[in-house]
Amino acid sequence: MKNSLLLVFAIISISYGQNSSEKFEVKKGTNIAHWLSQSERRSTDREKFFTETDVEAIAKMGFDHIRLPIDEEQMWDENGKRHEDAFQLMENCINWSSKHKLRVIVDLHILRSHHFNAKEKPLWTDPAEQEKFFDLWRDLSKSLKKFPNSLLAYELMNEAVADDNETWNKLLNKAFIAIRKLEPKRTIVVGSNRWQSVNTFDELKVPANDPNILLSFHFYEPFLLSHYHTPWTELKEYQGPVHYPGVILSQKEFDALPEEVKEVAKKWVNKEFTKELLYKMWEKPIAKAKELGLPLYCGEFGIISAAPEEDSLNWYKDMIALFEKSGIGYANWNYNSDEYGLIDGNSKNEQLIQIISAKE
């Protein structure tokens, strides 16, 4: 087992090291959420929310890249016409990042035809919506192809959620074809079906013999901790005990819970989570990276700020230790937020920044 793990780490390290002047390499970063994605901010409010000062601050924290989510409705109107002000902000961010020696992953986060938590997702059933998806990337390429491949990568789509894994595989293959006609060597970031889950990674299929691919998974386990008392999940009423590492919720603690939250909490009773068990949950992505000889990346991970602080920080420490041990690049969710942020407005979470940046 030990020898096989060392082989995986070696493959990942070699992938990062090839042609370092041209290869897109990322090791530690942060997501720029709620700016060009999942936000009602527009005009001056949007411009002020994220600026070059933030990019400089991220670089000084010790990060080497940012993941930049963008939404279709922010970037284009319903007829596919660009919102030029949003495109300008996107390009500003890339230029600021280049100036401060950060790389960028542009992540097409939410489509009008696909939201990762929506019940109806026309992207999977409507050929016209699929072609529109490809057209969005064709249009992005018109603006972004001028940036060096070593500076910028494209993430096809955030957290695909198709009814079956093969439906996603077929669509991403078509998207690859569309992009590769325009940019043969641009690094493309792809994850598996169903929220880029580790559980479906063994069924992910990517084009063969394409070295410019970065495999990406997201990780928010254990969910009872990462989404503690989150209003958009089934845990919205749960404010009971949660622990990490070790048994996340004991039988005695469960028995003492109010009856109205026991239904959502019962599956967590006596479940144990440790650093070793977290790593074991990554087996499928690591095996896929080994099989394909491609680098591996965790594009999202985090614990909501409302969760118990000591347990959260223990989890973050273990996660970063595992990323460093395995050579897997990462970006936390996210930079500026009152829910998962490294900062909340002007207030910094210094302990969290120190852990995630792994700065000596």
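As a reminder, the structure under discussion sits directly above these lines.
Keep in mind it's a predicted model, so treat the numbers as computed, not measured.

Caption draft 1: Structural view of helix α13 (residues 283-292). Those residues of α13 that sit buried are Pro285, Ile286, Lys288 and Ala289. Taken down its axis, α13 places every buried residue within 160° of arc, on the same side. Of the residues flanking the end of α13, it is glycine 293, one or two places downstream, whose phi is positive at about 65°.

Caption draft 2: Highlighting the packing of aromatic side chains. This structure, assessed with the given rule, holds 19 aromatic pairs. Considering the side-chain rings of phenylalanine 217 and tryptophan 282, the 5.5 Å spacing of their centres and the 55° angle between planes classify their relative orientation as tilted. Of the two residues, phenylalanine 217 is situated in strand β6 (residues 213-219) and tryptophan 282 in the loop between α12 (275-281) and α13; the sequence distance between them amounts to 65 residues. Judged by its relative accessible area of 0%, phenylalanine 217 falls in the buried class. Relative to tryptophan 315, the ring of phenylalanine 301 has its centre 6.3 Å away and its plane inclined at 40°; by these criteria the two rings are tilted.

Caption draft 3: Layout of the packing of helix α6 (residues 127-144) against helix α7 (residues 165-180). Direction vectors running N to C along α6 and α7 enclose 35°, while the axes themselves pass 10 Å from each other. Of the two possible hands of crossing, α6 and α7 adopt the one that is right-handed. Contacts between α6 and α7 involve Gln130, Phe133, Phe134, Trp137 and Arg138 on the former and, on the latter, Leu171, Lys174, Ala175, Ala178 and Ile179.

Caption draft 4: Inspection of the packing of helix α14 (residues 309-326) against helix α15 (residues 350-357) at higher detail. Two elements in contact, α14 and α15, have axes separated by 9 Å at closest approach and are oriented at 15°. Overall, the two elements α14 and α15 adopt an arrangement that is roughly parallel. Relative to α15, α14 is oriented so that their crossing is left-handed. Residues Glu309, Leu313, Tyr316, Lys317 and Ile320 of α14 pack against Gln351, Leu352, Ile355 and Ile356 of α15.

Caption draft 5: Structural detail: the sheet that holds strand β4 (residues 152-155). Strand order around the closed barrel formed by eight strands is β1-β2-β3-β4-β5-β6-β9-β10, with parallel pairing between neighbours. Going across the sheet, the axis of each strand differs from the next one's by a mean of 30°, ignoring polarity. Here β4 runs beside strand β5 (residues 188-191); their pairing, made up of two bridges, is parallel. Directly across from tyrosine 154, in β5, lies its bridge partner isoleucine 188. α14 rests against β6, β9 (296-301) and β10 (329-332) of the sheet, and its axis sits at about 165° to β9.

Caption draft 6: Broad picture of the pairing of β5. The alternating pattern of β5 places Ile188 and Val190 and Val189 and Gly191 on opposite faces, both of which are buried. Crossover connection from β4 via α7 to parallel β5: handedness right-handed. Where β5 meets β6, four bridges bridge the pair, whose relative direction is parallel. In the strand pairing of β6, isoleucine 188 is matched with isoleucine 213.

Conventions we followed
- Residues numbered from 1 in each chain as written.
- Predicted model: local features only at pLDDT ≥ 70, side-chain atom pairs only at ≥ 80, totals over all residues.
- Heavy atoms only, no water.
- Buried < 20%, exposed > 50% of the residue type's maximum accessible area, 1.4 Å probe, protein only.
- Helix = DSSP H or I, 4+ residues; strand = E, 2+ residues; numbered from the N terminus.
- Arc of directions from axis to C-beta.
- Phe/Tyr/Trp six-rings, centres within 6.5 Å; stacked < 30°, edge-to-face > 60°.
- Axes fitted to C-alpha atoms, helices over the stretch in contact; angles between N-to-C directions.
- Left-handed = near helix turned anticlockwise from the far one by under 90°.
- Contact = heavy atoms within 4.5 Å.
- Parallel < 35°, antiparallel > 145°, perpendicular 65-115°, else oblique.
- Pairing = 2+ DSSP bridges.
- Right-handed = clockwise from strand over helix to strand, strands pointing away.

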